[in-house]
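# Analysis of the macromolecular model
Chain by chain, the residues run as shown.
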Amino acid sequence: QVQLVESGGGLVQAGGSLRLSCAASGRTFSSYAMGWFRQAPGKEREFVAAINWSGGATLYADPVKGRFTISRDNAKNTVDLQMNSLKPEDTAVYYCAARIGWDINLLVGRYDYWGQGTQVTVSS
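To keep things clear, this report deals only with the structure shown in the data block. Just so you know, these numbers come straight off a predicted model, no measurement behind them.

About the cut-offs
Note on numbering: residues in each chain are counted from 1, in written sequence order. Thresholds applied to this predicted model are a pLDDT of at least 70 for local features of residues and 80 or more for the giving and counting of side-chain atom pairs; totals over whole chains, interfaces and linings are not thresholded and use all residues. The basis for every side-chain value is the complete set of non-hydrogen atoms in the structure, without hydrogens or water. A helix here means a DSSP run of H or I that spans at least four residues, while a strand means a run of E at least two residues long, and both kinds are numbered starting from the N terminus. The globule rule used here is 2.2 Å times the number of residues to the 0.38 power, and the radius of gyration it is set against is calculated over C-alpha atoms. The contact definition used throughout considers only heavy atoms, calling two residues in contact when any of these lie within 4.5 Å. Surface exposure here means Shrake-Rupley accessible area, sampled with a 1.4 Å probe, where a residue is shielded only by the protein chains that are shown. We score Asp and Glu as negative and Lys and Arg as positive, and we do not count His or the chain ends. By convention, the charge on Lys lies at NZ, on Arg at CZ, on Asp at CG and on Glu at CD. Among the buried residues, those of types Ala, Val, Leu, Ile, Met, Phe, Trp, Tyr and Cys that are joined through side-chain atoms within 4.5 Å form a nonpolar core. Partly exposed residues are those whose accessible area sits between 20% and 50% of the maximum for their type, while under 20% is buried and over 50% is exposed, using a 1.4 Å probe and protein chains only. By the convention used here, strands pair only if DSSP detects at least 2 bridges between them. Between the N-to-C directions of two axes lies an angle of 0 to 180 degrees, each axis being a line fitted to C-alpha atoms and, for a helix, fitted only over the stretch in contact.

### Quick word on the overall build of the protein chain
Broken down by element type, the protein chain carries zero helices and eleven strands. Moving toward the C terminus, one meets the helices and strands of the protein chain in the order β-β-β-β-β-β-β-β-β-β-β. What you see for the protein chain is a C-alpha radius of gyration of 13 Å, in line with the 14 Å of a compact globule of 124 residues. Nonlocal contacts in the protein chain, meaning residues at least 24 apart in sequence, comprise 60% of its contacts between residues at least 6 apart. With the model as given, the accessible surface of the protein chain reaches about 6,300 Å², and the carbon-plus-sulfur share is 49%. Taking the average location of the 12 positive side-chain charges in the protein chain and that of its 10 negative ones, the two points are 3 Å from each other.

### Describing the nonpolar core
Counting 36 residues, the largest nonpolar core has Leu4, Met34, Trp36, Val79, Leu81, Met83 and Tyr94 as its most contacted members. Elements that contribute at least two residues to this core include exactly strand 3 (18-24), strand 4 (32-39), strand 5 (46-51), strand 7 (68-73), strand 8 (78-83), strand 9 (92-100) and strand 11 (118-123). With residues up to four places along the chain from it excluded, the contact list for Val79 reads Leu20, Ser21, Cys22, Phe29, Met34, Trp36, Ile51, Ile70, Ser71, Arg72 and Cys96.

### Some remarks on the sheet that holds strand 7
The sheet built from four strands is open, its strands ordered 1-3-8-7 with antiparallel pairing. In this open sheet, the two edge strands, each paired with only one partner strand, are strand 1 (4-7) and strand 7. Here the strands of the sheet are splayed against their neighbours by 15° on average, with no regard to which way each runs. Note: strand 7 against strand 8, six bridges, orientation antiparallel. Paired with Asp73 across the strands is Thr78, a residue of strand 8.

Rendered as structure tokens:
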């Protein structure tokens, strides 16, 4: 069992930056692949970025490639999402998720634990 708590959301102007952080409980954080997802009003939850257990492999959704960076610190049990050059279409609730296993996956259904989400709003 792992509990995830996101932080760092807020309101930012287009072109600005935010850094989301997800703190995980438990001693086996390095056993999980981690992901960030987002859900805008009226839309399905969608994949944003994922990172494998060691941090040596990452995957990004096309809309955020080159603007977002996912990273993890297994000593601190945290996974971060640095978001630069934000656009109004990035507005959503952002969720941290943990997947039992070491490999990356972009499917919502393949993640076992979820945080409560943090709101990101980008104004034009």
